[in-house]
Amino acid sequence: MEFFRIKQDIPFMRHALKFNIISFATFLIAVFFLVTKGLHLSVEFTGGTLIEVSYQQAAELEKMRGALAKAGFSDFQVQNFGSSQDVLIRLPLRDAQDSAKQGEQVMAALDAAVPGARLQRVEYVGPQVGKELAENGAMALLVVILGIMIYLAFRFEWRFSVSAIIANLHDVIIILGFFAAFQWEFSLSVLAATLAVLGYSVNESVVVFDRVRETFKKVRGLTTPQVLDHAITSTISRTIITHASTQVMVLSMLIFGGETLHYFSLALTIGICFGIYSSVLVASPLVMWLGVSREQFIKPKKAIEGANADGAVV
């Protein structure tokens, strides 16, 4: 399905150097914030206290957050857990204060502002557990990257694989850079969104790269930049439809999803926006500069033994 068709190829590769300078500068800024500020990790990674409470009716999450903030708590999470009556509260690790005491303080704050809460459980998450989660998350990210690289290397060629991975890592680092710069909370849901962006971004790269390979095989007389321009232009309608549809859904979660889905949808929003840019305007120039050419896709014809120059058998 196409909303429009562009008859003349847009010369994207004419500005390839500018695109990559912009992406490299953005990448360096993101790395700078990651190094200087670091990520503001959530309770899952740093350790803390988990408190589960329940109500007879649907819990009023906003009032609960206001009550906890008024009581002096900070960096906490309040979200539904299984049903609208059950609520899970996460509190960061505090020195010289045990979980039982924190649970008592939370229940006192809730009883004053949102009465009717029943304490179900109080659990302590140690920093060692958080460290294991961080290590497992980093390992998951590494496995996804290696899997994508192997898939692209088998489906296309090593130049496409390297270009796609660089473009995808560009998206991941920029997402992390945003969270470091603004000190947004980095939780397991944000990690899941980051992994989703990796798969989403590589899908767009595969579509463009597949059209590049097809154009090299079917069309003669085009230079490599012209082939890349044609591939991007011929798939641009699909790109706009796909990304616009996805972005509408993600923005709906960001606006109407509440605090629970806020950072998850925010990470997806950033990833989709930069994923469009990197998949088209970062990966394609890298493929060009790595030396992709038509000869790599056209198998040379085997000479028949005993045939003359005209192909006739002697």
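### Description of the layout of surface pockets
Considering only enclosed or pocket space, the largest pocket measures out at about 400 Å³ in volume. Every residue lining the largest pocket is counted, 20 residues in all, and those nearest its centre are Gln-77, Glu-185, Ser-187, Glu-259 and Tyr-263. A breakdown of the residues in the lining of the largest pocket according to their chemical character gives 7 nonpolar, 7 polar and 6 charged. Considered as a void within the structure, the second largest pocket measures approximately 190 Å³ in volume. For the second largest pocket, the full set of lining residues is Leu-39, Leu-41, Phe-45, Ala-134, Gly-137, Ala-138, Leu-141, Val-172, Leu-176, Phe-186, Leu-191 and Thr-194. Sorting the residues of the lining of the second largest pocket by element identifies helix H5 (127–155), helix H6 (158–181) and helix H7 (188–218) as the ones contributing at least two each.

### Concerning unusual backbone geometry
Across residues other than glycine, the phi torsion is negative in most instances, and most of the peptide bonds are trans. Unlike most non-glycine residues, Gln-183 shows phi in positive territory, near 55 degrees. Assignment of secondary structure puts Gln-183 in the loop between H6 and strand S6 (185–186). Gln-183 gets classed as partly exposed once you look at its relative accessible area, which sits at 33%.

### Quick word on the environment of Glu-104
Inspection of the secondary structure puts Glu-104 in helix H4 (residues 99–113). What makes Glu-104 exposed here is its relative accessible area of 57%. For the pair formed by Glu-104 and Val-122, sequence separation is 18 residues and the distance between their alpha carbons is 9.8 Å.

### Here we look at helix H1 (residues 16–36)
The terminal C-alpha atoms of H1 lie 30 Å apart, and with 21 residues this matches the ideal 30 Å at 1.5 Å per residue to within 8%. The inward-facing, buried residues of H1 contact H6, helix H10 (258–281) and helix H11 (283–289). Count one or two residues on from H1 and you reach Gly-38, which has phi positive near 75 degrees.

### Concerning the environment of Glu-123
Relative to the assigned elements, Glu-123 resides in strand S5 (residues 118–125). Residue Glu-123 is classed as partly exposed on the basis of its relative accessible area of 38%. Taking the C-alpha atoms as reference points, Glu-123 and Gly-48, 75 residues apart in sequence, are found 8.5 Å from one another. When neighbours within four sequence positions are excluded, Glu-123 is seen to be in contact with Gly-48, Thr-49 and Leu-50.

### Structural notes on the sheet that holds strand S2 (residues 48–54)
Taken in spatial order, the 4 strands line up as S3-S4-S2-S5 in an open sheet, and their pairing is antiparallel. The open sheet terminates on both sides in strands that have one partner only, identified here as strand S3 (77–81) and S5. Between one strand axis and the next, the sheet turns by 20 degrees as a mean value, whatever way the strands run. Two strands pair when backbone bridges link them, and S2 and strand S4 (residues 83–92) are joined in this way by 7 bridges, in the antiparallel orientation. Looking across to S4, one finds that Gly-48 is bridged to Pro-92.

### Remarks on the confidence of the model for the protein
Mean pLDDT over the protein stands at 82; residues scoring 70 or higher make up 89%. Looking at the elements of the protein, mean pLDDT is at its lowest for helix H2 (residues 43–46), recorded as 74, and at its highest for H1, recorded as 91.

### Notes on the packing of H6 against H10
Interaxial distance between H6 and H10 falls to 9 Å at its minimum, and their mutual angle equals 140 degrees. Between H6 and H10, the crossing angle belongs to the class labelled oblique. When the axes of H6 and H10 are compared, the crossing they make is right-handed. Each of Ala-167, His-170, Asp-171, Ile-174, Ile-175, Phe-178 and Phe-179 in H6 lies in contact with H10, whose residues at this interface are Tyr-263, Ala-267, Ile-270, Gly-271, Phe-274, Gly-275 and Ser-278. Partitioning the contact of H6 with H10 into residue classes produces 9 nonpolar, 4 polar and 1 charged.

### Let's talk about the nonpolar core
Grouped together as the largest cluster of nonpolar side chains are 54 residues, with contacts concentrated most on Met-13, Leu-152, Phe-160, Phe-209 and Val-212. When contributions to this core are tallied by element, the ones reaching two or more residues are H1, H5, H6, H7, helix H8 (224–234), helix H9 (236–256), H10 and H11. In terms of residue count, H7 provides more of this core than any other element does, 11 residues in total. Contacts of Met-13, omitting those with residues within four sequence positions, involve Pro-225, Leu-228, Asp-229, Ile-232, Ser-284, Pro-285 and Met-288. Ranked by size, the runner-up nonpolar core spans 19 residues in total, among them Val-53, Leu-61, Val-87 and Ala-117.

### Some details on the packing of aromatic side chains
With the rule as written, the count across this model stands at 9 aromatic pairs. The interplanar angle of 90 degrees and the centroid separation of 6.3 Å between the aromatic rings of Phe-179 and Phe-186 together place this pair among those described as edge-to-face. Phe-179 gets classed as buried once you look at its relative accessible area, which sits at 0%. Of the residues examined, Phe-186 reaches a relative accessible area of 7% and is grouped as buried. Through a chain of ring-to-ring contacts, the aromatic side chains of Phe-178, Phe-179, Phe-182, Trp-184, Phe-186, Tyr-263 and Phe-274 assemble into a single cluster.

Cut-offs and rules
Residues numbered from 1 in each chain as written. Predicted model: local features only at pLDDT ≥ 70, side-chain atom pairs only at ≥ 80, totals over all residues. Heavy atoms only, no water. 1 Å grid on protein atoms, 1.4 Å probe; cavity = no way out; pocket = protein on both sides within 12 Å on 5 of 7 lines; lining within 4 Å. Points joined across faces, edges and corners; volume = space filled by probe spheres on them. Nonpolar A, V, L, I, M, F, W, Y, C, P; charged D, E, K, R; others polar. Helix = DSSP H or I, 4+ residues; strand = E, 2+ residues; numbered from the N terminus. Buried < 20%, exposed > 50% of the residue type's maximum accessible area, 1.4 Å probe, protein only. Expected span 1.5 Å × (residues − 1). Contact = heavy atoms within 4.5 Å. Pairing = 2+ DSSP bridges. Axes fitted to C-alpha atoms, helices over the stretch in contact; angles between N-to-C directions. pLDDT = per-residue confidence, 0-100. Parallel < 35°, antiparallel > 145°, perpendicular 65-115°, else oblique. Left-handed = near helix turned anticlockwise from the far one by under 90°. Core = buried A, V, L, I, M, F, W, Y, C linked by side-chain atoms within 4.5 Å. Phe/Tyr/Trp six-rings, centres within 6.5 Å; stacked < 30°, edge-to-face > 60°.

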